[in-house]
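# Reading the structure
Chain residues, written in single-letter form:
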Amino acid sequence: MNFFRDIWNSIVRRDSLSTDKGKSELVFLNVWLHIHPAKVKKEHLRFRHTFYLGFITFFLFIILVTTGIALMCYYRPYPSQAYQDMKDLQFVVFLGPFIRGMHRWAAHLMVICVFLHMCRVFFTGSYKKPRQFNWVIGVLLLLLTLGLSFTGYLLPWDQLAYWAITVGTNIGSYAPLVGGQLRELLLGGHTVGQAALIRFYVLHVAVLPGLVGLLTIVHFWRVRKDGGLSRPLWKLERKPVEELVTIGAPAEPAALRVSSAAQSKTYGLMEVVTGKPIFETVSPDEEEDTVFAYPYAFLRESIALMGTVVGLMVISILYHAPLEELANPAKTPNPAKAPWYFLGLQELVSHSALVGGVVAPALMVLALLAVPYIDRNPSRRLRERKWALWLFSAFVVANLVLIIIGTFFRGPGWAFIPPWVHVVAGAE
Amino acid sequence: MNRRSFLGWGAAGFAALCSSVAVSFGAVLRYLVPDVFYEPPQTFKVGKPADFAYGPPTFLADEKIYVFRDREKGFSVASAVCTHLGCTVNHFQSDDRFHCPCHGSIFAANGAVVHGPAPKPLPWFEVTLARDGQLSVDKDKVVPSTYHLMV
Ligand code: HEM
Ligand code: FES
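Only a predicted model underlies this, so the values are computations on that prediction, with no experimental measurement involved.

## Focus: the packing of aromatic side chains
Applying the stated rule across the entire model yields 30 aromatic pairs over all chains. With a centroid separation of 5.0 Å and 35° between ring planes, the pair formed by Phe59(B) and Tyr66(B) is classed as tilted. Owing to a relative accessible area of 30%, Phe59(B) belongs among the partly exposed residues under this scheme. Judged by relative accessible area, Tyr66(B) falls into the buried class, the value being 5%. Between the aromatic rings of Phe68(B) and Phe98(B), the centroid separation amounts to 6.2 Å while the plane-to-plane angle is 75°, which identifies the pairing as edge-to-face. Here Phe68(B), found in strand β3 (residues 65–70), pairs with Phe98(B), found in strand β6 (residues 97–99); they are 30 residues apart in sequence, far enough to count as distant. The class of Phe98(B) is buried, set by a relative accessible area of 0%. Cluster of aromatic residues (ring-pair linked, three or more members): Phe47(A), Phe51(A), Tyr52(A), Phe55(A), Phe58(A), Phe59(A) and Phe220(A).

## Let's talk about the interface of chain B and chain A
Taken together, the contact between chain B and chain A spans 24 residues of the former and 30 residues of the latter. Surface buried jointly by chain B and chain A totals about 2,100 Å² across both partners, of which 58% is contributed by carbon and sulfur atoms. In terms of surface lost to chain A, no three residues of chain B exceed Leu85(B), Pro101(B) and His103(B), which account for 27% of the buried area on that side. Applying the counting criterion to the chain B and chain A interface returns 0 salt bridges. Inspection of the chain B/chain A interface yields 9 residue pairs in polar contact (both at pLDDT 80 or more). Counted by class, the side of chain B that touches chain A contains 16 nonpolar, 6 polar and 2 charged residues.

## Some remarks on the sheet that holds β6(B)
If you walk across this open sheet you meet the 4 strands as β5-β6-β7-β8 (chain B), and the pairing is antiparallel. Strands with a single pairing partner mark the edges of an open sheet, and in this sheet they are β5 (90–92) and β8 (113–115) of chain B.

## Considering the pattern of salt bridges
Residues and elements named next belong to chain A. Scanning all chains against the criterion turns up 11 salt bridges over all chains. Arg231 is paired through a salt bridge with Glu43; the nearest N and O atoms lie 3.0 Å apart. Of the two residues, Arg231 sits in the loop between α10 (194–225) and α11 (233–238) while Glu43 sits in the loop between β1 (39–41) and α3 (47–50), which places them 188 residues apart along the sequence. Taken individually, Arg231 and Glu43 each receive the classification buried, so the pair is uniform in this respect. Among the ionic pairs, Asp375 bridges to Lys128, the shortest N-O distance being 3.3 Å. Of this pair, Asp375 sits in the loop between α16 (353–374) and α17 (386–408) while Lys128 sits in the loop between α6 (96–123) and α7 (132–152), placing them 247 residues apart in sequence. A relative accessible area of 6% means that Lys128 is categorised as buried. Connected through shared salt-bridge partners, Glu43, Arg231, Lys235 and Asp289 make up one network.

## Points about the nonpolar core
Among the nonpolar cores identified, the biggest contains 52 residues, and Tyr153(A), Leu154(A), Trp157(A), Val192(A) and Val89(B) are the most heavily contacted of them. Mapped onto this core, the elements with two or more residues apiece are α5 (79–91), α8 (159–172), α10 and α15 (343–349) of chain A together with β3 of chain B. With 7 residues, the top contributor of residues to this core is α8(A). Once you skip the residues sitting within four places of it in the chain, Tyr153(A) turns out to touch Ala161(A), Ala164(A), Ile165(A), Ala338(A), Pro339(A), Tyr341(A) and Phe342(A). With 36 residues, the next largest nonpolar core counts Phe61(A), Ile63(A), Met118(A) and Phe392(A) among its residues.

Rules used in this analysis
- Residues numbered from 1 in each chain as written.
- Chains lettered and ligands numbered in written order.
- Predicted model: local features only at pLDDT ≥ 70, side-chain atom pairs only at ≥ 80, totals over all residues.
- Heavy atoms only, no water.
- Phe/Tyr/Trp six-rings, centres within 6.5 Å; stacked < 30°, edge-to-face > 60°.
- Buried < 20%, exposed > 50% of the residue type's maximum accessible area, 1.4 Å probe, protein only.
- Helix = DSSP H or I, 4+ residues; strand = E, 2+ residues; numbered from the N terminus.
- Contact = heavy atoms within 4.5 Å.
- Buried area = accessible area lost by both parts, 1.4 Å probe.
- Salt bridge = Lys/Arg side-chain N within 4 Å of Asp/Glu carboxyl O.
- Polar contact = N/O pair within 3.5 Å; in protein donor to acceptor, adjacent residues only side chain to side chain.
- Nonpolar A, V, L, I, M, F, W, Y, C, P; charged D, E, K, R; others polar.
- Pairing = 2+ DSSP bridges.
- Core = buried A, V, L, I, M, F, W, Y, C linked by side-chain atoms within 4.5 Å.

As structure tokens, this is what we get:
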């Protein structure tokens, strides 16, 4: 049928995928796919270089947006309605508990994956020149993810929600000079009430997801502009530097050979247009180590996507998202705990609100942002960056230890109670 | 137009642009600060003196205050909001102290911090007798813990 073929051809304008040209055009001519290069290095597809953590984080975000929009169809951000709507989602909405579970567990997983992704980038030294600024964007994305979680958990308007936000925003008010005003601005008032709920809702469903979306685009774009992913560490170990040349350094004949080879192929278009986006040091035969993004990269990314979705579905069928009692401003639950990823902060705060709640986190964030500018050691080889590895590991371990103490070792009144000691409820 | 006046006008224009951006920014920020708060009032009546028993303080949940009534000294009102991060403290009769469930602060019966992390004592609020014979509390008026109202 010419009619249908015309329609098909008006949508899909590439050559057949059996040809190399078709495979390249699939990427170039598609607005969603062209964030990929037409050909990718085989080494970048290796699981043990990236663990696909960045992709999984992104997929989780997509899942959060879709399930979040589904939740928005029932949820009303008003104190007298919000908790009611959560109960409806739990008991009377078809698939309600499942959608809520997906949203809740994806949020937890996203926090974990963002963090692990950051660790991967650090340990492989992938924040070094020319990728410094993309690390900074990544740190902002980490903060935004935490912000989404923070604003998200006021929304169910249960006890956890109410007290976590009361405590959390009070921490903010310890910030010097602007603290008090900052809290008032965030809450739209002096206590956590209706004004706070609508503001958190706006941040949670519009402002923060929007910012995450925008920064994600920048993040991905810069991965490409910084010359693709970093080289896996095992490739660095293999060849001494002298044998390598830099693509795009025109003085080297070998380099010219590589780029002219690329020019003669359609998939080299990006490289021709932008001059020399690749700052990586590669050997002349490196070019042969590439494969077409279709199907190799797309297949792997699809598997990561499927794995994420299916894994989350299974978790959401097995476990429902918890919901505590209706928020009660008069009665603070004992112990009042924030979700696990903020319990490290809560542990710090239990020692001092100013130092633990403001100074220490602020220094931590500043240090993270500055990592690529402080660490000026150009080497990415593990054994040449002992200091950096020790320091970062200490940072990770400190965070984990604080979270573990806050989660398992703190009982009523925030007293230090090991998990193996049983506390009789209500004994005060 | 000569080079000098061009630069002058350019600089003036740039300054005007910057200041209008700054003003707009400030205006948006100000927009976000409400002028009307739909919150419980800071001054409120809590009932007739006879409604309150002697002995352990009465906790008023909505107002987050403890009302004390002492035979000799009369009425006094303490805040039930922990000065650390705002959790509601519980008054325990067993030791006549306030305990905060969030991070373990303990306050003495007069509001003083016995155990951190709370940085400040619990504040006491002014309590007066209104014309209609009810007790009236003003949370905007902080008084020393020795303040009492005898009726
Ligand atoms: C990185 C992204 C996100 C994170 C980490 C996140 C986190 C959370 C958390 C922790 C909750 C409380 C969940 C619960 O108690 O069940 C929540 C609730 C909610 N979220 Fe998100 N969220 C994200 C994105 C979104 C987006 C993009 C939307 C909408 C466009 C959205 C809409 C909602 C709604 C309507 C609720 C209230 C319903 C509920 O509490 O289950 N979320 N979110
Ligand atoms: S809020 Fe009372 S001890 Fe932290």
